Amino acid sequence: MSPTPAPPIRWPAEAIWEAVAPGLPGFTVEVLPEIDSTNTELMRRLRSAEPRPEPILLVAEQQTAGRGRQGRQWHSQRGDSLTFSLGLPLQPAAWSGLSLVAGISVAESLNPLPAGAPHAEHIGLKWPNDLWLCGPDGERKLGGILVETASWDQLRFVIIGIGLNIRTPALPPAEAPGNAPSSMAALPPGALQGLLPGISAADALLRIVPPLVQAVQAFAQFGFAPFQSRFAARDVLAGRAVQLSDGTQGSAHGAGEDGALLVHTAAGMKEITSSEVSVRPVPAAAGTSPKARP
Ligand code: BTN
């Protein structure tokens, strides 16, 4: 007997288009049942675009070759995950901090933090591109952001790819998203339904995309500085002992005005800007104890 086909997902494409298109002319929304990677597909389209490419939200119900940062794979399963890329022309004065801005926007859309109130369970951000579910049981990777840019004629395009676990993925631990070589990733990945029971990938998409477009446009106009304190409110590395991929150890001191990670090392304060530098917290026994979460 053949397996029962999965029920169709009702994507809020029209509602997203209505919210976004007035501020982003030419914007379209497209949902594909399957593609290798939404970032790869938008890159391919950019290379062959004629005439000028338009802003687009590309959602995939299933990715067969999802990509993470630093050449890693991004595994996801239909219905258990949300995978999409937002592509648009952008001309910021500087690009540094854009993936932080995307992360701030996603976290705030899904989990606004009331000022001053204690927030035991919340979405945290790990520089430069990780979304974490932080709670009393520890910190689990909830999602990741892959920002890529490409030129078309004289224009610069950005592709912001976002992958979020909606339900706990039924994947072997070695393949699960978020299994970066980090002491923080020792726990299995987190899922958004742990914070927002019953939320679907489609609901999450509608909550995320319109504010994300606005945040990206604000970043292009004003840079990272206006987002600095919003990042600080969710910074999971702040005050923690970290190790850079070149072996340097220090303690993380948040993000600077340009989005660089500030790390206090034996040689003084270092500004980490390269997206190729990976940062991992030093296990508690080898470094200072983790900052108490609010
Ligand atoms: C990371 O944590 O390393 C970033 C993961 C980004 C995954 C998303 S899923 C949608 C888009 N398409 C991809 O192939 N990657 C990004």
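One can find the structure itself at the top, above this paragraph.
Residues numbered from 1 in each chain as written. Predicted model: local features only at pLDDT ≥ 70, side-chain atom pairs only at ≥ 80, totals over all residues. Heavy atoms only, no water.

Colleague: I'm lost on the site of the ligand in this one. Help?
Modeller: Surveying the vicinity of the ligand reveals 21 residues, the closest of which are Ser-37, Gln-63, Arg-67, Arg-69 and Lys-141. Between the ligand and Thr-38 there is a distance of 3.1 Å, counted from a nitrogen atom to a side-chain nitrogen or oxygen. When isolated, the ligand has an accessible area of 420 Å², and the protein chains bury 99% of it. At the level of elements, α2 (38-48), β3 (81-89), β6 (138-152) and β7 (155-165) are the ones that each hand at least two residues to the shell around the ligand. In terms of residue count, the dominant contributor to the shell around the ligand is β6 (4 residues). Classifying every residue of the shell around the ligand by side-chain character gives 5 nonpolar, 12 polar and 4 charged. (Near = heavy atom within 4 Å. Polar contact = N/O pair within 3.5 Å; in protein donor to acceptor, adjacent residues only side chain to side chain. Areas by Shrake-Rupley, 256 points an atom, 1.4 Å probe, with all protein chains shown as cover. Helix = DSSP H or I, 4+ residues; strand = E, 2+ residues; numbered from the N terminus. Nonpolar A, V, L, I, M, F, W, Y, C, P; charged D, E, K, R; others polar.)

Colleague: Just checking my understanding: could you explain the sheet that holds β6 for this structure?
Modeller: Strands pair in a sheet through their backbones, by hydrogen bonds, and they do so in one of two ways: parallel or antiparallel. Spatial strand order, β1-β2-β3-β7-β6-β5-β4: 7 strands in an open sheet with mixed pairing. Looking at strand neighbours, the two that pair on one side only are β1 (28-32) and β4 (122-126), the edges of this open sheet. In this sheet, adjacent strand axes meet at a mean angle of 20° when their direction is disregarded. Sheet contacts for α2: β1, β2 (56-60), β3, β6 and β7; angle to β2, the most-contacted strand, approximately 140°. Packed on one face of the sheet, helix α3 (residues 98-110) meets β4, β5 (130-135), β6 and β7 and runs near 45° to β7. (Pairing = 2+ DSSP bridges. Axes fitted to C-alpha atoms, helices over the stretch in contact; angles between N-to-C directions. Contact = heavy atoms within 4.5 Å.)

Colleague: Can you walk me through the side chain of Asn-39 in this structure?
Modeller: Topologically, Asn-39 is positioned in helix α2. Judged by relative accessible area, which is 3%, Asn-39 ranks as buried. (Buried < 20%, exposed > 50% of the residue type's maximum accessible area, 1.4 Å probe, protein only.)

Colleague: Quick question: what am I supposed to make of the side chain of Ser-76 here?
Modeller: Looking at where Ser-76 falls in the secondary structure, it is placed in the loop between β2 and β3. Taking the relative accessible area as the measure of exposure, Ser-76 reaches 11% and is therefore buried. When neighbours within four sequence positions are excluded, Ser-76 is seen to be in contact with Gln-62, Gln-63, Ser-81 and Thr-83.

Colleague: How should the nonpolar core be read in this particular structure?
Modeller: One finds Leu-82, Phe-84 and Leu-110 to be the most contacted residues of the largest nonpolar core, which totals 58 residues. Setting aside its immediate chain neighbours within four residues, Leu-82 contacts Trp-11, Ile-162, Gly-163, Leu-164, Ile-166, Ala-201, Ala-204, Leu-205 and Ile-208. Leu-42, Leu-58, Ala-60 and Ile-159 belong to the second largest nonpolar core, which has 13 residues in total. (Core = buried A, V, L, I, M, F, W, Y, C linked by side-chain atoms within 4.5 Å.)

Colleague: Sorry if this is basic, but what is going on with α3 here?
Modeller: Counting along an α-helix, one turn takes 3.6 residues, and residues three or four places apart therefore face a common direction. For α3, which comprises 13 residues, the first-to-last C-alpha distance of 19 Å matches the rise-based estimate of 18 Å (1.5 Å per residue) to within 8%. Burial of α3 is extensive: 12 of the 13 residues sit out of reach of the surface. Taken together, the buried positions of α3 are occupied by Leu-98, Ser-99, Leu-100, Val-101, Ala-102, Gly-103, Ile-104, Ser-105, Val-106, Ala-107, Ser-109 and Leu-110. (Expected span 1.5 Å × (residues − 1).)

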